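So the chains spell out like this:
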Amino acid sequence: MSAAAQQARAIESRRSAVIVGASLSGLMTALVLSRIGFAVTVLERSDNSFRTGAALHVDHGLLARLTGNRMHNPLAPGIQSWFTVHAGLLGAARSHPLIDIRQGMSVESVGQNTESAWVVAANGQRFGGDLVVGADGHNSVVRRTVSPEKPNATFAGYSIWLGVVQESSLGPNVRWPSETAFLGGGDEYLLGYPLPGSDGSVEKGHRQLGWAWYDSSRNGLFREKGCVAGNVVSHSLKAADVPEQTLREMASDAERWPSLWHDAILDSIKRKAVIGTPITEYVPDRLVEGRLALVGDAAHVPTPMTGNGFRASLLDAEALAECLSGEVSGSGPLQSSLVKYQTLRLNDVRRLVQSGQDFSRNFAASRTRGQP
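Below is a short write-up of the structure. As the structure is a prediction and not an experimental result, all values here were calculated from the model.

What the six strands build is an open sheet, ordered β5-β2-β1-β9-β18-β17; its pairing is mixed. A single partner strand is all that each edge strand has here, and the edge strands are β5 (99-103) and β17 (288-289). In this sheet, strand β2 (residues 39-44) lies alongside strand β1 (residues 16-20) in parallel orientation, the contact comprising five bridges. Within the sheet, the bridge partner assigned to Ile 19 lies in β2 and is Val 42. Across the sheet, helix α2 (residues 24-35) is in contact with β1, β2, β5 and β9 (131-134); its angle to β1 comes to roughly 170 degrees.

Below you can see the structure in the form of structure tokens.
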């Protein structure tokens with residue numbers, strides 16, 4: 001950011017926020033806070049290059065809703081890939097004069113006093129503001145300070161395998177699905193969903209299929225690879241680290257699914273473009289502590305089976321901005337506004353996570369392969 005831009009940013013806003021995490025919840029929070037006049041610094045440690053397959057539902061006019069600019073709506077409504085939504089949010093955030101995004105910033109500690117809050121990055125840099133927002137996912141560093149007695153999301157006892165395949169790889173006579181397919185039951189579940197192409201195209205031959213295969217049988221693999229330790233999930237299993245034996249087993253097991261999804265899974269396996277994500281859950285007891293607040297997966301982690309994680313993150317961001325809308329002048333009681341945010345959101349997000357826990361308990365116990 002140039003000196004002129006920094007000066008303009010300081011003049012335009014008397015309030016400032018540091019957001020830890022530039023994933024979907026962090027970017028949405030940055031956009032709505034900047035909309036009400038906060039100068040926002042967003043810190044992100046990862047380039048998210050390992051993600052594949054994840055998809056979510058986008059409401060009509062999402063970016064216009066976040067930014068207040070009705071002309072700013074490159075995100076088509078409907079099922080979209082994680083990458084498409086992230087790219088749209090990131091582009092909007094980077095173009096906003098009150099948002100400064102810093103990549104490659106791993107946050108190691110969080111602090112606050114009566115006047116301000118701050119984070120310290122691994123390289124020693126300190127970033128401060130009137131508040132710090134934790135949008136740093138299920139392994140949130142900010143959560144450790146907000147809720148030190150309950151810092152970790154816990155392993156739900158199963159994982160999902162994710163992949164995306166190009167329509168052109170499936171042959172010319174594919175019968176294209178019009179909506180998400182929900183297959184299986186008991187100890188086997190597969191979600192399959194049509195996606196626009198990587199360029200946003202919905203033309204025949206240029207689209208994509210995504211799939212998410214729920215698996216409770218390979219917990220031992222994820223522990224062996226260090227993805228899960230005890231009841232805490234540290235990371236996903238990247239495509240390059242999935243053992244050949246596991247891919248062969250999945251290719252054999254995929255025969256149980258209808259031909260379209262069987263072919264999509266085999267294509268992903270052939271390209272070694274499959275990642276495994278251990279599922280976590282977190283029911284929060286609080287969302288704020290002083291000048292610190294949590295949003296998205298840092299605040300609450302439901303199973304993806306609820307289908308509402310992204311929407312809950314959006315509602316977090318909007319509620320936080322609503323409660324802080326009187327703070328831009330610098331005269332309001334910020335901590336009281338954050339308590340109001342917690343009051344608005346806590347019961348709803350607790351119920352969201354709890355709504356998926358019966359499924360998790362039943363599915364996690366449904367089938368194993370002799371692994372813990």
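A few words on α2. Spanning twelve residues, α2 covers 17 Å between terminal C-alpha atoms, matching the ideal 16 Å at 1.5 Å per step. Among the twelve residues of α2, eleven are classified as buried, and the element is accordingly described as predominantly covered. Restricting attention to buried positions, one finds in α2 the residues Leu 24, Ser 25, Gly 26, Leu 27, Met 28, Thr 29, Ala 30, Leu 31, Val 32, Leu 33 and Ser 34. Immediately beyond the C-terminal end of α2, within one or two residues, lies Gly 37, with a positive phi of roughly 105 degrees.

What follows deals with the nonpolar core. One finds Leu 33, Leu 66, Leu 89, Val 119, Val 132 and Tyr 341 to be the most contacted residues of the largest nonpolar core, which totals 64 residues. Ranked by residues supplied to this core, first place goes to helix α9 (residues 309-324) with eight residues. With near-sequence residues (within four places) excluded, Tyr 341 lies in contact with Leu 287, Val 288, Ala 293, Leu 294, Val 295, Asp 316, Ala 319, Leu 320 and Cys 323. Listed in part, the 29 residues of the second largest apolar core include Phe 155, Leu 221, Val 228 and Ile 269.

Attention now goes to the pairing of β9. A two-sided burial pattern is seen for β9, the buried positions comprising Leu 131 and Val 133 on one face and Val 132 and Gly 134 on the other. Here β1 pairs with β9 via four bridges, running parallel. Its bridge partner lying in β9, Val 20 is registered against Gly 134.

Turning next to the packing of aromatic side chains. Scanning the model with the defined rule gives twelve aromatic pairs in all. Between the aromatic rings of Phe 359 and Phe 363, the centroid separation amounts to 5.5 Å while the plane-to-plane angle is 10 degrees, which identifies the pairing as stacked. In this pair, Phe 359 and Phe 363 are both assigned in helix α10 (residues 334-364), four residues apart and thus about one turn of the helix distant. This pair shows no difference in class: Phe 359 is buried, exactly as Phe 363 is. Across from the ring centre of Trp 118, 4.1 Å away, lies the NZ or CZ of Arg 126, which sits over that ring. Stacked on the ring of Tyr 282, the Lys or Arg Lys 150 has its end atom at 5.4 Å from the ring centre.

With five bridges joining them, strand β11 (residues 181-185) and strand β12 (residues 188-195) adopt antiparallel strand pairing. Looking at the pairing, Ala 181 lines up with Gly 192 of β12. Counted along the chain from β11 to the antiparallel partner β12, the turn is two residues long, and its residue Gly 186 has a positive phi close to 70 degrees.

Looking now at the pattern of salt bridges. According to the stated counting rule, one finds 20 salt bridges in the structure shown. Linking Lys 150 and Asp 285 is a salt bridge whose minimum nitrogen-to-oxygen distance equals 3.6 Å. Residue Lys 150 is found in the loop between α5 (141-146) and β10 (154-166), and its partner Asp 285 is found in the loop between β16 (275-281) and β17; the two are separated by 135 residues along the sequence. Classification of Asp 285 as partly exposed rests on a relative accessible area of 40%. Asp 316 is paired through a salt bridge with Arg 345; the nearest N and O atoms lie 2.8 Å apart. One end of the pair, Asp 316, is in helix α9; the other, Arg 345, is in helix α10, with 29 residues separating them in the sequence. If you follow the salt bridges from partner to partner, you end up with Glu 188, Asp 215, Arg 218, Glu 249, Asp 253 and Arg 256 in one network.

Attention shifts here to the sheet that holds β11. Pairing is antiparallel in the open sheet, where five strands are placed in the order β11-β12-β13-β10-β16. Each edge of the open sheet carries a strand with a single partner, namely β11 and β16. Adjacent strand axes in the sheet meet at a mean angle of 20 degrees, parallel and antiparallel pairs treated alike. Those strands touched by helix α8 (residues 259-270) are β10, β11, β12 and β13 (208-215), and its axis lies near 90 degrees from that of β13.

Moving on, we get to α9. Its 16 residues place the ends of α9 23 Å apart at the C-alpha level, agreeing with the 22 Å of an ideal helix rising 1.5 Å per residue. Looking at α9, one finds that the buried residues are Phe 310, Ala 312, Ser 313, Leu 314, Asp 316, Ala 317, Ala 319, Leu 320, Ala 321, Cys 323 and Leu 324.

Rules used in this analysis
Residues numbered from 1 in each chain as written. Predicted model: local features only at pLDDT ≥ 70, side-chain atom pairs only at ≥ 80, totals over all residues. Heavy atoms only, no water. Pairing = 2+ DSSP bridges. Helix = DSSP H or I, 4+ residues; strand = E, 2+ residues; numbered from the N terminus. Contact = heavy atoms within 4.5 Å. Axes fitted to C-alpha atoms, helices over the stretch in contact; angles between N-to-C directions. Expected span 1.5 Å × (residues − 1). Buried < 20%, exposed > 50% of the residue type's maximum accessible area, 1.4 Å probe, protein only. Core = buried A, V, L, I, M, F, W, Y, C linked by side-chain atoms within 4.5 Å. Phe/Tyr/Trp six-rings, centres within 6.5 Å; stacked < 30°, edge-to-face > 60°. Lys NZ or Arg CZ within 6 Å of the ring centre and 35° of its normal. Salt bridge = Lys/Arg side-chain N within 4 Å of Asp/Glu carboxyl O.

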